[in-house]
Amino acid sequence: MKRSIVYFIIYILLSIEVSAQSIINPVDSFYDDLQVWDAMGLVPALPPLRPYPEALVKSILKTVMEGDSSLQGEEARRHYERLFGKPLNLAAEGIGTAKVNEAEDRQEQVNVSAIAFGSLPVLNIFSISYDLNLLLSNKAPGEEIIPKNSGYAYDIYKDTADIGPFSVYAGFNTSAAANYKNVLWLQGGVSRSSWGDFYDNGVVIGPNAIHAGNISLVIHQQKWNYTLALFLLSASSDVPTNPYTRPYPEKFMSLHSIGYSPWDWLSLTVYENAVFGQRFEPLYLLPISPFMVSQELIGVSDDNIQMGLSFKIKPLKGLSWATNIFLDDAQFNDMVRFKFDTKIRTAVQSGITWAPSFPFISLVQLDYTLITPYTYTHEDDSDDGINYQNYTNNGRSLGAAIPPNSDRISLTGKFEPFKTLKVNTSAVFIRHANVNESLPWDVAAPYLYSANSVYSDGGILDSPNAGEGYFDYAHHHLMFMEQDTKQYITQLGLDLLWELPPLTFGTITFSLGYMFEYIYNDGVDRNMFTGYELAVPPPGGHTQAVIQQKISDAKSEWKNNLSNRLNHYLTLGMRLLF
């Protein structure tokens, strides 16, 4: 009882869900409002890669302030004062989370942060932005309390100091940019990124991914834009160990895209990615050459290359429809014969955004995301068991937060009933199945006696190779959601943010957050096979009956460990911005 009282007092006095404070964080509230301004037609078409450099952010805010919406102009003015009112900003904030399930098991997490952030212009051409975070937490990375398929808000690692039950972590995000009149800029630093029209949960680069080194060159014209970016990633182990154990160097991703807006109501973008490692490849930095061609030029066939098309249509003011088709790999020979039960590794996202001119409704979004089996995964033949080619950074997805062989429908609403009160609501439904349940016995057999244990959880680290080379079955079968055992997740969220009138020493913000989460068949995303069900095959191999029985036993044990879970998440807190 005393412990509960102490935690409750800590929540009330110290904690709030951490909110980004810098233009180099793509989930800063500025980018939330930028979605509103884009849908309302208050800003022109913008390049897809965020964060944006200081000069462009200032230009966007000034455009909205001078526009025909006094309500949004006032919101832009508040952002301008918060982000650029002074070169150094200090804040004390944190997050307190209590998680309770139907068995009344309770978990508690307290995070308290001291933050310094700001942006410094240099010679009217250059700018430096920074976001420094000193975090005190009672949970280590990998142990954080967050809802299913959610990203952690902090860019921290296990190297830490301890103070009693708490650990101290340091988080650093920085960026420097050279900008010529907002039509050409070169930007580099260490930060999170997001790409495309879905700011919060995109399938190309999502803001939930941990930060990475990045360098980008952008050309921004009235009708078109071009982006060339290089991301310096961390590789992770290909065996089922904690992805936080150790990051490995020499993993990269190149991205280039070109966008065109022939009319104000239509924008189109085509793009390519290439994930590669254990070498640096300058050909992927050529601005025009397709990555597929570059791969052939250097005689490499196993770099992980994706391509895609996105478009956005604005039929009415305040209303937009966006779609992104991300193609990882496909068996086109089957598709041209109208055989679609074949390899189609893709992520498709489509959604509608409504930003009315009403004073209390900021934004309503409805979107659907589909990710087919083995999308984002990639086999790596490196000798050290490290994967330099899958679509991850430090073991976490670079793209969507949901795993392969999943789909999601999401409805979010952002409301502002009063100038100082913001209300965010969300309703999310997710389906997921473990693709390994569909594998025939002879295809699944290598999982039982793999020389090195491999993933069989159906997630982003589970490539179709069973540790013994790529199996052909995945090359000619789609297997999307055809499994008997499915996981269903329902999440309903409500967040309130109340900012008090400015005081002489700064501003104080109170927050309250709640999420209801129900998971049916929790555990579907666990490994189906251990890799030790059978010993190394004897001469002549194991009999079919023995292998089938072992597969049946492994699946039965996997199913028996599934359960239904009802979770409640609560956050309470206060933030002080000096």
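Refer to the structure presented above.
Residues numbered from 1 in each chain as written. Predicted model: local features only at pLDDT ≥ 70, side-chain atom pairs only at ≥ 80, totals over all residues. Heavy atoms only, no water.

Draft legend 1. Seen up close, the packing of helix H2 (residues 29–40) against helix H4 (residues 70–84). The contact between H2 and H4 brings their axes to 11 Å, and the two run at 150 degrees. When the axis of H2 is compared with that of H4, the two are roughly antiparallel. With respect to the hand of their crossing, H2 and H4 are arranged in left-handed fashion. Contacts between H2 and H4 involve Ser29, Phe30, Asp33, Val36, Trp37 and Met40 from the first element and Gln72, Glu75, Ala76, His79, Arg82 and Leu83 from the second. (Axes fitted to C-alpha atoms, helices over the stretch in contact; angles between N-to-C directions. Helix = DSSP H or I, 4+ residues; strand = E, 2+ residues; numbered from the N terminus. Parallel < 35°, antiparallel > 145°, perpendicular 65-115°, else oblique. Left-handed = near helix turned anticlockwise from the far one by under 90°. Contact = heavy atoms within 4.5 Å.)

Draft legend 2. Representation of the pairing of strand S3 (residues 106–122) in the model. With 12 bridges connecting them, strand S2 (residues 89–101) and S3 associate as antiparallel partners. The residue of S3 that forms the bridge with Ile95 is Asn111. In this structure, the hairpin formed by S3 and strand S4 (residues 126–137) is closed by a connection of 3 residues, where Leu123 is found at a positive phi of approximately 60 degrees. (Pairing = 2+ DSSP bridges.)

Draft legend 3. Broad picture of a nonpolar patch on the surface. Together, Leu120, Val122, Leu123, Ile125, Phe126 and Ile128 make up an exposed nonpolar region whose accessible area comes to about 530 Å². Where the nonpolar patch is concerned, the elements lending two or more residues are S3 and S4. Along the polypeptide, Ile125 turns up in the loop between S3 and S4. Among the residues examined, Ile125 registers a relative accessible area of 44% and is labelled partly exposed. (Patch = residues over 30% accessible without salt bridge, like charges linked within 9 Å, V, L, I, M, F, W, Y side chains within 5 Å. Areas by Shrake-Rupley, 256 points an atom, 1.4 Å probe, with all protein chains shown as cover. Salt bridge = Lys/Arg side-chain N within 4 Å of Asp/Glu carboxyl O. Buried < 20%, exposed > 50% of the residue type's maximum accessible area, 1.4 Å probe, protein only.)

Draft legend 4. Broad picture of the packing of helix H3 (residues 54–65) against H4. It is at 8 Å that the axes of H3 and H4 come closest, and there the two elements cross at 150 degrees. Judged by the angle between their axes, H3 and H4 are roughly antiparallel. Pair H3 / H4 crosses with left-handed handedness. Every residue of H4 that contacts H3 at Glu54, Val57, Lys58, Leu61, Lys62, Val64 and Met65 is listed here: Gln72, Gly73, Ala76, Arg77, His79, Tyr80 and Phe84. Split into classes, the residues belonging to the contact of H3 with H4 amount to 7 nonpolar, 3 polar and 4 charged. (Nonpolar A, V, L, I, M, F, W, Y, C, P; charged D, E, K, R; others polar.)

Draft legend 5. Just the pattern of salt bridges, in detail. The final tally for this structure, using the stated rule, is 24 salt bridges. Close ionic contact of Glu74 with Lys419 constitutes a salt bridge, the shortest N to O distance being 3.9 Å. In this pair, Glu74 is assigned in helix H4 and Lys419 in the loop between strand S20 (406–418) and strand S21 (421–433), connecting sequence segments 345 residues apart. Glu74 gets classed as partly exposed once you look at its relative accessible area, which sits at 29%. Residue Asp200 pairs with Lys414 through a salt bridge whose shortest N-O separation is 3.9 Å. With Asp200 in the loop between strand S8 (194–195) and strand S9 (212–220) and Lys414 in strand S20, this pair connects stretches of sequence that are 214 residues apart. Taken together, the shared-partner salt bridges connect Glu74, Glu75, Arg77, Arg78, Glu416, Lys419 and Lys422 into one network.

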